[in-house]
Amino acid sequence: MISYILYFTAGTFAGSFFYTLAERYSNGKMKENPFKALFSRSECPSCGKNISAFNLIPLIGFIFSKGKCAACGNRISFIYPAMEILYGVLAVMIARFQGTDLLSLFIYLIAAVSVTIAIVDIKTMMVPLSLNVIFFILALYPVIMHNNFTDSFYGFIFLTLFFLIIMFIFPGAFGGGDLKLYAAAGFLLGLEMSIVLLEVSLISGAIFGVVWGALNGWSFRIRIPFAPFIAAGIIITLLFGNTIILFYYRNIYGF
């Protein structure tokens, strides 16, 4: 139990960094000055004053400040602690199902970058190329450790070609950033797990699209960010992909 508390705590600190990174991608600061955006202190979104070191402590700082800026008194969005909790829970889940070795750390970072990409896509309807590149670089270590480059190549080709065809048949259905994220995920997961990712992301995206369409008058002009569903599919596949594949083999194929 104590170890999981430590993993959760570490995850909240990572979440504070990754959500701030997502915010700085979304507001254009990463494009203006990447070095400053990465290493400058966090500021109040209302008055621009630097937030004190104590108030930057995940969850604790928000609670003790009562969710308000010490300088101007304006409220700070609850999204900040919510995201810290999300990244903390993600750390616990990966420790529980993937272990706590160096490979698991890379898996966590991949999952964290996936969530960050999803947040940026929600806020801007864009997937930054640099985050896709970081995802791909992080994926190299698990691929090397599994020593199955052929399967990774097949996963990469499968998802790339699949979505190139979809984008050709249905122009505007997906963006280039979505394609690049799928391609990088295919490289990470390999062919079999890429099919699980495809199923999870498309089904969850379709369900959300139907509900969203029903709530907004079934307008075909409504655009929804798709990276969140890809990110959810990546995380679910990383955590439960083998279980899902085993379920298929036992209950559908009769193996």
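Here's what I pulled together on the structure shown here. Bear in mind the structure is a predicted one, so any value in this text is a computation, not a measurement.

## Some words on the overall build of the protein
For the protein, the helix and strand inventory stands at 10 helices and 0 strands. Mapped from its N terminus to its C terminus, the protein presents α and β elements in the order α-α-α-α-α-α-α-α-α-α. Whereas a compact globule of 255 residues would reach a radius of gyration of roughly 18 Å, the protein reaches 19 Å, a difference of no more than 12%. For the C-alpha atoms alone, the extent of the protein along its principal axes is close to 60 × 50 × 35 Å. The proportion of buried residues among the 255 residues of the protein is 40%. Pairs at least 24 residues apart make up 66% of the contacts formed inside the protein by residues separated by at least 6 positions. Within the structure as shown, the protein displays about 14500 Å² of accessible surface, and the carbon and sulfur contribution to it stands at 70%. Charge centroids of the protein, computed over 15 positive and 10 negative side chains, lie 13 Å from each other.

## Concerning the packing of aromatic side chains
The tally for this structure, following the rule as stated, stands at 16 aromatic pairs. Between F162 and F163, the aromatic rings sit 5.1 Å apart at their centres with planes inclined by 70 degrees, giving edge-to-face as the arrangement. With relative accessibility at 1%, the residue F163 sits in the buried group. Centre to centre, the rings of F174 and F226 are 4.9 Å apart; their planes meet at 85 degrees, and the pair counts as edge-to-face. Highlighted residues: F174 in the loop between α8 (149-169) and α9 (176-215) and F226 in the loop between α9 and α10 (227-251), separated in sequence by 52 residues. For F226, a relative accessible area of 10% translates into the label buried.

## Considerations on a nonpolar patch on the surface
On the surface, L129, V133, F136, I137, L140, I144 and F149 cluster together into a nonpolar patch covering about 620 Å² of accessible area. With 6 residues, the top contributor of residues to the nonpolar patch is helix α7 (residues 129-146). Its relative accessible area of 41% is what places V133 among the partly exposed residues.

About the criteria used
- Residues numbered from 1 in each chain as written.
- Predicted model: local features only at pLDDT ≥ 70, side-chain atom pairs only at ≥ 80, totals over all residues.
- Heavy atoms only, no water.
- Helix = DSSP H or I, 4+ residues; strand = E, 2+ residues; numbered from the N terminus.
- Rg over C-alpha atoms; globule rule 2.2 N^0.38 Å.
- Buried < 20%, exposed > 50% of the residue type's maximum accessible area, 1.4 Å probe, protein only.
- Contact = heavy atoms within 4.5 Å.
- Areas by Shrake-Rupley, 256 points an atom, 1.4 Å probe, with all protein chains shown as cover.
- Lys, Arg positive; Asp, Glu negative; His and termini not counted.
- Charge placed at Lys NZ, Arg CZ, Asp CG, Glu CD.
- Phe/Tyr/Trp six-rings, centres within 6.5 Å; stacked < 30°, edge-to-face > 60°.
- Patch = residues over 30% accessible without salt bridge, like charges linked within 9 Å, V, L, I, M, F, W, Y side chains within 5 Å.
- Salt bridge = Lys/Arg side-chain N within 4 Å of Asp/Glu carboxyl O.

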